[in-house]
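Working through the structure, step by step
Spelled out, the chains give:
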Amino acid sequence: MQIQIFQDEESLHRAVAKELIEAVKTKPNTVLGLSTGSSPLGTYANMIKDHQVSGTDYSDVVTFNLDEYVGLDGTHSQSYRYFMNTSLLNHLNIPLNQTNVPNGTGDLKEACESYEAKIVSAGGIDLQLLGIGTNGHIGFNEPGTAFDTRTHVTQLLQETIDGNARFFDSAADVPKEAVTMGIDTIMDVKKIILIAYGSKKAAAIREMVNGPVTDSMPASILQKHQDVTLFLDEEAASLLK
Ligand code: F6R
């Protein structure tokens with residue numbers, strides 16, 4: 001695991017955006033794995049700015065997102081499809097039919113299987129962005145998730161529901177289930193960039209990096225991936241040995 005520590009969030013986001021932009025310039029049909037939540041927002045803002053100023057071309061890029069809430073279709077303002085369209089995809093020259101977010105409505109078993117098949121037929125994910133939950137989840141793979149899982153439906157833990165309640169009118173409105181890439185799906189990607197900033201993430205970062213590899217800290221499995229870089233601010237890195 002490589003670790004880069006930044007003095008502030010802005011320089012962290014600039015550096016992550018640079019990685020993604022370089023990946024797209026080097027391989028125009030690159031397959032990007034994307035995430036939602038607050039962690040990547042500044043990165044996406046930098047990518048949009050670069051596209052407007054420098055015209056980086058996304059017309060051949062394919063994207064796969066990590067997860068989606070069960071029961072929310074893409075028109076729901078809290079769905080991850082809506083988040084991705086409004087926070088990034090609508091602002092780049094990427095055809096939306098090359099962008100994939102798991103389907104959280106309809107036949108979920110079929111949605112999980114076809115998501116896995118689509119990733120395979122795209123040639124696998126070249127570069128995956130991850131955030132980390134304060135409980136160590138990656139995607140919506142909560143503590144206790146088996147390391148060999150592929151895309152599946154999962155129950156969200158109360159702490160995750162509470163953590164995401166800020167985006168909804170109340171915690172009661174947060175869906176209780178999600179479709180998520182599994183841990184094994186994430187471990188198959190070629191390169192991973194994990195973003196974390198703020199003191200709230202410091203304990204999870206310490207456990208992920210210095211702790212044992214255990215399913216009670218899902219992100220700890222990343223110790224076994226061959227190409228992971230953590231982009232941290234000083235607060236998120238503050239408990240590292
Ligand atoms: C989002 C995702 C989650 C988040 C994590 C951190 O697609 O899969 O694992 O990355 O919950 O969320 P934020 O960035 O809001 O702190």
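Shown above is the structure to which this text applies.
One structure accompanies this document, and this report is about it. (Residues numbered from 1 in each chain as written. Predicted model: local features only at pLDDT ≥ 70, side-chain atom pairs only at ≥ 80, totals over all residues. Heavy atoms only, no water.)

Examining the overall build of the protein chain
- Per the secondary structure count, the protein chain includes seven helices and 10 strands.
- Its C-alpha atoms give the protein chain principal-axis dimensions of about 40 × 40 × 35 Å.
- Within the protein chain, contacts between residues separated by at least 24 positions form 79% of all contacts whose residues are at least 6 apart in sequence.
- Carbon and sulfur atoms make up 49% of the accessible area of the protein chain, which amounts to about 10400 Å² in all.
- In the protein chain, which carries 18 positive and 31 negative side-chain charges, the distance between the mean positions of the two groups comes to 4 Å. (Helix = DSSP H or I, 4+ residues; strand = E, 2+ residues; numbered from the N terminus. Contact = heavy atoms within 4.5 Å. Areas by Shrake-Rupley, 256 points an atom, 1.4 Å probe, with all protein chains shown as cover. Lys, Arg positive; Asp, Glu negative; His and termini not counted. Charge placed at Lys NZ, Arg CZ, Asp CG, Glu CD.)

Points about a negative patch on the surface
- Among the surface-exposed residues, D8, E9, E234 and E235 lie close enough to one another that they form a single negatively charged patch.
- You can call E235 partly exposed: its relative accessible area is 43%. (Patch = residues over 30% accessible without salt bridge, like charges linked within 9 Å, V, L, I, M, F, W, Y side chains within 5 Å. Salt bridge = Lys/Arg side-chain N within 4 Å of Asp/Glu carboxyl O. Buried < 20%, exposed > 50% of the residue type's maximum accessible area, 1.4 Å probe, protein only.)

Examining the packing of aromatic side chains
- Throughout the structure, instances matching the rule amount to six aromatic pairs.
- For the pair F6 and F231, a centre-to-centre distance of 5.7 Å together with 10° between the ring planes defines the contact as stacked. Taken together, the positions of F6 in strand β1 (residues 2–6) and F231 in strand β10 (residues 228–233) put the pair 225 residues apart, joining distant regions of the chain. Of the two residues, F6 and F231, neither departs from the other in class, the shared state being buried.
- Ring plane angle 40° and centroid distance 5.8 Å describe the contact between Y69 and F140, whose orientation is recorded as tilted. Highlighted residues: Y69 in strand β4 (residues 67–69) and F140 in the loop between β6 (127–130) and β7 (152–155), separated in sequence by 71 residues.
- With a relative accessible area of 1%, Y69 lands in the buried category. (Phe/Tyr/Trp six-rings, centres within 6.5 Å; stacked < 30°, edge-to-face > 60°.)

Regarding the packing of helix α2 (residues 41–54) against helix α3 (residues 80–87)
- Their axes nearest at 10 Å, the elements α2 and α3 cross at an angle of 40°. Classified by the angle between their axes, α2 and α3 sit oblique to one another. Along the contact surface, α2 presents L41, Y44 and I48, while α3 presents F83, M84 and S87.
- Split into classes, the residues belonging to the contact of α2 with α3 amount to five nonpolar, one polar and no charged. (Axes fitted to C-alpha atoms, helices over the stretch in contact; angles between N-to-C directions. Parallel < 35°, antiparallel > 145°, perpendicular 65-115°, else oblique. Nonpolar A, V, L, I, M, F, W, Y, C, P; charged D, E, K, R; others polar.)

Details of the site of the ligand
- The environment of the ligand is made up of 14 residues, and the closest members are S39, D67, H137, G139 and K201.
- Between the ligand and T36 there is a distance of 2.8 Å, counted from an oxygen atom to a side-chain nitrogen or oxygen.
- Backbone polar atom of S38 to an oxygen atom of the ligand: 2.9 Å apart, as the coordinates give it.
- Here the ligand, which alone exposes 400 Å², has 92% of that area covered by the protein.
- Among the residues making up the shell around the ligand, the classes are represented as two nonpolar, nine polar and three charged. (Near = heavy atom within 4 Å. Polar contact = N/O pair within 3.5 Å; in protein donor to acceptor, adjacent residues only side chain to side chain.)

Quick word on the side chain of T63
- On the secondary structure map, T63 appears in strand β3 (residues 62–65).
- With residues up to four places along the chain from it excluded, the contact list for T63 reads L32, L34, L89, I94, Q98, T99 and N100.

Thoughts on the sheet that holds strand β8 (residues 177–180)
- Pairing in this open sheet of three strands is antiparallel, and the strands run β4-β8-β7 from one edge to the other. Each edge of the open sheet carries a strand with a single partner, namely β4 and β7. Across the sheet, the mean angle separating the axes of adjacent strands is 30° when strand polarity is ignored.
- Alignment of β7 against β8, held across four bridges, turns out to be antiparallel. Within the sheet, the bridge partner assigned to H152 lies in β8 and is T180. (Pairing = 2+ DSSP bridges.)

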